[in-house]
Structures are given as C-alpha cells and as structure tokens.
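Working through the structure, step by step
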Amino acid sequence: MEIKLWRSILCPYELAVQELILKFTHMAEEYRANDQYSPIESVSGRVKSITSILEKMQRKDIPMEKMEEDVEDIAGVRIICQFEEDIEAVAQIIKRRSDMSIKSEKDYLKHIKESGYRSYHLIIYYTVETIFGPKKLQAEIQIRTMAMNFWATIEHSLQYKYKGDMPPHVTDRLINAADAIISLDREMSLVRSEIIDAQNSSQMQSNIVQDILLCIENLYKVATQREVMKIQDEFLRVFNTKDLMQLERFHRQLDIIAEGYHAQAVR
Ligand code: 0O2
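Residues numbered from 1 in each chain as written. Predicted model: local features only at pLDDT ≥ 70, side-chain atom pairs only at ≥ 80, totals over all residues. Heavy atoms only, no water.

**Description of the overall build of the protein chain**
- Helix and strand counts for the protein chain stand at 9 helices and 5 strands.
- When its helices and strands are written in sequence order, the protein chain yields α-β-α-α-β-α-β-β-β-α-α-α-α-α.
- Along the first, second and third principal axes, the C-alpha atoms of the protein chain reach 75 × 50 × 30 Å.
- Across the 267 residues in the protein chain, those meeting the buried criterion constitute 36%.
- A sequence separation of at least 24 residues applies to 64% of the contacts in the protein chain between residues at least 6 apart.
- Accessible area of the protein chain: about 16,700 Å², with a carbon and sulfur share of 53%.
- Averaging the coordinates of the 35 positive side-chain charges in the protein chain and doing the same for the 42 negative ones gives two points 2 Å apart. (Helix = DSSP H or I, 4+ residues; strand = E, 2+ residues; numbered from the N terminus. Buried < 20%, exposed > 50% of the residue type's maximum accessible area, 1.4 Å probe, protein only. Contact = heavy atoms within 4.5 Å. Areas by Shrake-Rupley, 256 points an atom, 1.4 Å probe, with all protein chains shown as cover. Lys, Arg positive; Asp, Glu negative; His and termini not counted. Charge placed at Lys NZ, Arg CZ, Asp CG, Glu CD.)

Right, here's the structure in full:
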C-alpha cells in the first residue's frame, strides 16, 4: 500500500485518539473542579505505527482488506489510575457513555497473562466526523494502575530488546517484579481512603484559594486599595493557619463583602 493511502486510512484514527484523550483528561479535570476524587490519574494515547500494524497482521495472518476490522488497536488509549479499585470505576464510566459502545473486554486482572501482565482492556466502537462524513472505528482502551504501567513499560522494552527470545533469568525477574507489583497495589489499596481524603482536601484548598484570589483581584476594581490590602492581609493570615475550615469561612465572608461592593456599584 502507498504511504499516501496509509496516511489517509490512519487520519481518522489520529482524530479518535486525540478526541478520546481530550474527553478522558477533561473528565479528570471535571472531578477535580467539583472537589471530587478522580479515578483517572492520567491519559495517553497513540496510533499504532505502520510497522507494528504490519507485524500484527503477519503474526495473526490478517489479510489487507480485513485490517481495520481485525487489528483492533490501531487507535489506542491508556488510562492510568492510582488504585486497582479505580479501574472498575473507569470501566463502568466508559460503559455508561453514549458516545462509545463496547465491542469486547479482556480482564487481565482476573486472568493474569503468563508474562505477568495485568491490565483491563476494552475494545470500543467510536465515531469520528471526517471530511468524508462520519466514520465508525475501533479503539483499544487499556486501564491500569501506575504500578501496573511501570511493570508493563519495562517489560515491553525488554520484549523489544530480546525480540521474543527473552533469557529465562530475565523472565524470572519479571515474574518476581510482577508479584511485587501485585503486593504494592494491594498495600496502596489499604490506605486508599486516607490518600483520597488527603488529596480531596488539597484539591479543595487549591480551588478555594483560586476563587479567593480571583475575588480579591475583582475587588481592586470596586474597593479602595487600603480595603483590598486589609482583605489580602487577612487572607494571608488565614492561609498560614493551614486550616481548611477557616479558609472556607473566609471564602464565604469574602463572597458577602464582594456582593456588598457589587450592590453599591450598580446603585
Ligand atoms: P503495542 O506496541 O502496545 O501496540 P496479542 O495477540 O496478545 O499480541 P491482542 O490479541 O491484540 O494481542 O490483544 P491483547 O492481548 O489484549 O494485547 C493488546 C495490547 O496489550 C498489546 O499491544 C500490548 O500493548 C498490551 N499487552 C498485552 N500483553 C502484554 C504483555 O505481556 N506485556 C506488555 N508489556 N504488554 C502487553 P501490542 O500490539 O502487543 O503492542
């Protein structure tokens, strides 16, 4: 196939990957903006390289005309979670969405691969709008924890290095490392609620501080410099106490003060 043709085939997949990354990243931001814990930590994606597509077609004996149907991971998105429990939460979120439908799923958490690989895979149908009209295509979504991702990344590089001929001592080490990753994920799950509480408080504090600073900035337009300086000094005092409740109280009081100035300004 000509390179030009390949480019035109892969173009909608590029769009799908970009859209999916944007949607999942935005979902994480939405949780944080609403002071909620996000089960999504980070998102990445890629369109499979032509070499990789060809290798897979050769390995699985896929004819050219069946490439888009049988190579299900031309578009690939990876969602990284902090905790193993988040993986199921993310899978459920995806299943409820109206812009993606599930073709199949593979649970390598329950059925760990012989290599030690653990991850949750979904093959979805997703429609993109191209200049030729809508195109329904497939994408693979891999959902895993940071620890699982660490292991898979290293193992993938070693697979590449040894090209399917990994020495037994390396395989053994990887199996041991995979066991250690299982223990690590379990240990982290045990302190999950404490970590989530800490992260929520920190996110909440950051949102409140952002609101307060915006409010003070707006006050410069309607109040005297002396008054704003006084408010700013009080904010710094409250901020230094590191007490979230005091910060929330200050935020509410500042809202009332800002409303007062606003009412005066429109009179
Ligand atoms: P790349 O470079 O990530 O695109 P298979 O027949 O097992 O090769 P299949 O049937 O398409 O693949 O599905 P599967 O098993 O769900 O694997 C799809 C992808 O999962 C792989 O894509 C890898 O990204 C990842 N994966 C699966 N098994 C392993 C593993 O043992 N180790 C690591 N590190 N990753 C794995 P590709 O096409 O192999 O590669």
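**Remarks on helix 5 (residues 146-162)**
- The end-to-end C-alpha separation of helix 5 is 24 Å, in line with the 24 Å expected for 17 residues at 1.5 Å each.
- What helix 5 keeps buried is the set A147, M148, N149, W151, A152 and E155.
- Next to the buried residues of helix 5 lie strand 2 (75-81), helix 4 (84-96), strand 5 (133-145) and helix 6 (168-190).
- Directly beyond the C-terminal end of helix 5, a positive phi value near 45° is found at K163. (Expected span 1.5 Å × (residues − 1).)

**A few points about the packing of helix 7 (residues 192-222) against helix 8 (residues 225-241)**
- It is the contact of helix 7 with helix 8, at a shortest axis distance of 9 Å, that shows an interaxial angle of 170°. Between helix 7 and helix 8, the angle falls in the class roughly antiparallel. Counting all contacts with helix 7, which are made through Q205, V209, I212, L213, I216, L219 and Y220, the residues of helix 8 involved are Q225, V228, M229, I231, Q232, F235 and F239.
- Across the contact of helix 7 with helix 8, the residue classes break down as 11 nonpolar, 3 polar and no charged. (Axes fitted to C-alpha atoms, helices over the stretch in contact; angles between N-to-C directions. Parallel < 35°, antiparallel > 145°, perpendicular 65-115°, else oblique. Nonpolar A, V, L, I, M, F, W, Y, C, P; charged D, E, K, R; others polar.)

**Overview of the domain arrangement of the protein chain**
- The domains assigned to the protein chain are domain 1 (3-167) and domain 2 (195-265).
- One C-alpha centre belongs to domain 1, the other to domain 2; they are set 42 Å apart.
- Contacts between the two partners involve 7 residues from domain 1 and, on the opposite side, 7 residues from domain 2.
- Between domain 1 and domain 2, roughly 620 Å² of surface is buried when both sides are summed, and carbon and sulfur atoms account for 55% of that area.
- In terms of surface lost to domain 2, no three residues of domain 1 exceed D35, Y37 and F83, which account for 69% of the buried area on that side.
- Linking domain 1 with domain 2 are 0 salt bridges, by the criterion used here. (Domains from an automatic or database assignment. Buried area = accessible area lost by both parts, 1.4 Å probe. Salt bridge = Lys/Arg side-chain N within 4 Å of Asp/Glu carboxyl O.)

**Details of the sheet that holds strand 1 (residues 42-47)**
- Strand order in the open sheet made by the 5 strands is 1-2-5-4-3, with mixed pairing throughout. The two strands at the open ends of the sheet, each matched to only one other strand, are strand 1 and strand 3 (100-107). Mean inter-strand twist for the sheet, computed between neighbouring axes without regard to direction, equals 25°.
- Of the strand pairs in this sheet, strand 3 and strand 4 (residues 120-130) are connected by 7 bridges, and their pairing is antiparallel. Across the sheet, residue D107 finds its bridge partner in strand 4, namely Y120. (Pairing = 2+ DSSP bridges.)

**Considerations on the site of the ligand**
- The environment of the ligand is formed by 18 residues, the closest being K48, K56, K60, S115 and E155.
- Note that an oxygen atom of the ligand is positioned 2.7 Å from one of the side-chain N or O atoms of K56.
- The contact in question runs from an oxygen atom of the ligand to an N or O atom on the side chain of Q142, over 3.1 Å.
- When the ligand is considered free in solution it has 710 Å² of accessible area, and contact with the protein chains removes 79% of it. (Near = heavy atom within 4 Å. Polar contact = N/O pair within 3.5 Å; in protein donor to acceptor, adjacent residues only side chain to side chain.)

**Some details on helix 4**
- Among the residues of helix 4, those classed as buried are D86, I87, V90, A91, I93 and I94. Burial along helix 4 is one-sided: seen end-on, the buried residues are contained in an arc of 160°. (Arc of directions from axis to C-beta.)

**Some words on unusual backbone geometry**
- A positive phi angle is found at D61, which is not glycine, with a value near 55°.
- Topologically, D61 is positioned in the loop between helix 2 (50-59) and helix 3 (67-70).
- A relative accessible area of 68% means that D61 is categorised as exposed.
- With a phi angle near 60°, K242 is a residue other than glycine that sits in the positive phi range.
- With respect to the helices and strands, K242 occurs in the loop between helix 8 and helix 9 (244-266).

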